[in-house]
Amino acid sequence: MGNTVDYMVRATAADGQVRAFAVTGRELVQTARKAHGTTPVATAALGRTMCGALMMADMLKGEKDLITIQITSDGPLGGLTVTADNSGHVKGYVINPMVLLPPKEDGHLDVGGAVGKGVLTVIRDLDLKNTYTGQVELQSGEIAEDIARYFAESEQVPSAVGLGVLVGTDMNVLAAGGYIIQLMPFAAEAVIDRLEKNIASSQYVTDMLSEGHTPESMLRLLLDGLDPQINDSMPVQFFCNCDKDRVERALILLGEDEIRSMAAEQEDTVLTCQFCKSAYHFTRQDLLDLISRHKSENGG
Ligand SMILES: [Zn+2]
């Protein structure tokens, strides 16, 4: 599933009064689309959230830190979950990948209509022990505005967020990516004014990307006149860390009775990872072996 096409950059501007992130993620959104069989509007909702999560994960400090964005809402999409780490890995799924909605009047996919009303929850897992959760009411369900609201309300960081996924008539992802630009507490009025003007006159992310813009050139446009410095670049990809061992541990948690009834029901049990749709097969004997192995490991 790896690729080297998608990447993310980090930048500062106006002598550190502004920090910024930008990502291009066509391949990783396409990988998610293929895994989940999403319709265009579901691909856009998932893809926008995955691009946002990657940039938010880049703000984390620890190697094993994770960020999860969860949307619980009443629209036909039924909500979504996305998890990213700060090594450029992201995975995610939507509840109803088959949602179909007519486009909006301007021709754009109706992500807000698919998402509906509800809440956006951001869970930060730090140092494998501390979990911080922030929650905001959805602003529009268009994802970018909702993440901007999360930063403003939950972290008190004024942020401009742009996210976009362009899907072709053949359902393939043509462009995906976005940016997050944040003002530090000591940002001067002139810097804020300039940034607001730049953003107000900027194009949609999908238009910029389909015109050939890169994360670097998007940030140079958005941070024009503010002396942007690109500090870092890293590859990003759709990556799920599931394996048979993890699935077995999840099975054990169901308890012996549940595993026995699964074994009794059918010769083959297939368990599917909800994040990447990888299928794990267990024969009746596999399940019974799992129970006895678990018992002996626990001295029983
Ligand atoms: Zn998986």
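Considering the domain arrangement of the protein chain
- If you check the domain split of the protein chain, you get domain 1 (7-238) and domain 2 (244-297).
- Computed over C-alpha atoms only, the centres of domain 1 and domain 2 are separated by 36 Å.
- Taken together, the contact between domain 1 and domain 2 spans eight residues of the former and four residues of the latter.
- Carbon and sulfur atoms supply 68% of the area that domain 1 and domain 2 bury against each other, a total of about 530 Å² over both sides.
- Across the contact surface, domain 1 and domain 2 share zero salt bridges.
- For the pair domain 1 and domain 2, the number of links is two residue pairs in polar contact (both at pLDDT 80 or more).
- Contributing elements (two or more residues each) for the side of domain 1 that touches domain 2: helix 1 (26-36), strand 4 (80-85) and strand 5 (89-94).
- Looking at the side of domain 1 that touches domain 2, the element that brings in the most residues is strand 5, giving three residues.

Digging into the coordination of the zinc ion
- Each protein donor to the zinc ion is listed here as Cys240 (SG), Cys242 (SG), Cys273 (SG) and Cys276 (SG); together their distances run 2.2 to 2.3 Å.
- Because the angles between the four donor atoms bound to the zinc ion fall within 102 to 114 degrees, the donor set is best described as tetrahedral.
- Going along the chain, you hit the donors of the zinc ion in the pattern C-x1-C-x30-C-x2-C. For the pair shown, Cys240 and Cys242 are each scored as buried.

Regarding the environment of Thr39
- Its location among the elements puts Thr39 in the loop between helix 1 and helix 2 (40-57).
- Once the C-alpha coordinates of Thr39 and Arg246 are considered, the two residues, 207 residues apart in sequence, prove to be 29 Å apart.
- In contact with Thr39, not counting residues within four places along its chain, are Pro97, Met98, Val99, Leu100 and Met171.
- Here Val99 takes part through its backbone oxygen, which lies 2.5 Å from a polar atom of the side chain of Thr39.

Focus: the pattern of salt bridges
- Taken as a whole and assessed by the stated rule, the structure comprises 13 salt bridges.
- In this structure, the salt-bridge partner of Glu142 is Arg48, at a minimum N-O distance of 2.9 Å. Taken together, the positions of Glu142 in the loop between strand 7 (130-137) and helix 4 (144-154) and Arg48 in helix 2 put the pair 94 residues apart, joining distant regions of the chain. The burial state of Glu142 is the same as that of Arg48; both residues are buried.

Rules of the game
Residues numbered from 1 in each chain as written. Predicted model: local features only at pLDDT ≥ 70, side-chain atom pairs only at ≥ 80, totals over all residues. Heavy atoms only, no water. Domains from an automatic or database assignment. Contact = heavy atoms within 4.5 Å. Buried area = accessible area lost by both parts, 1.4 Å probe. Salt bridge = Lys/Arg side-chain N within 4 Å of Asp/Glu carboxyl O. Polar contact = N/O pair within 3.5 Å; in protein donor to acceptor, adjacent residues only side chain to side chain. Helix = DSSP H or I, 4+ residues; strand = E, 2+ residues; numbered from the N terminus. Donors = N, O, S within 2.8 Å, 3.2 Å for Na, K, Ca; no water. Tetrahedral: all angles 85-135°; square planar, octahedral: opposite > 155°, others 65-115°. Buried < 20%, exposed > 50% of the residue type's maximum accessible area, 1.4 Å probe, protein only.

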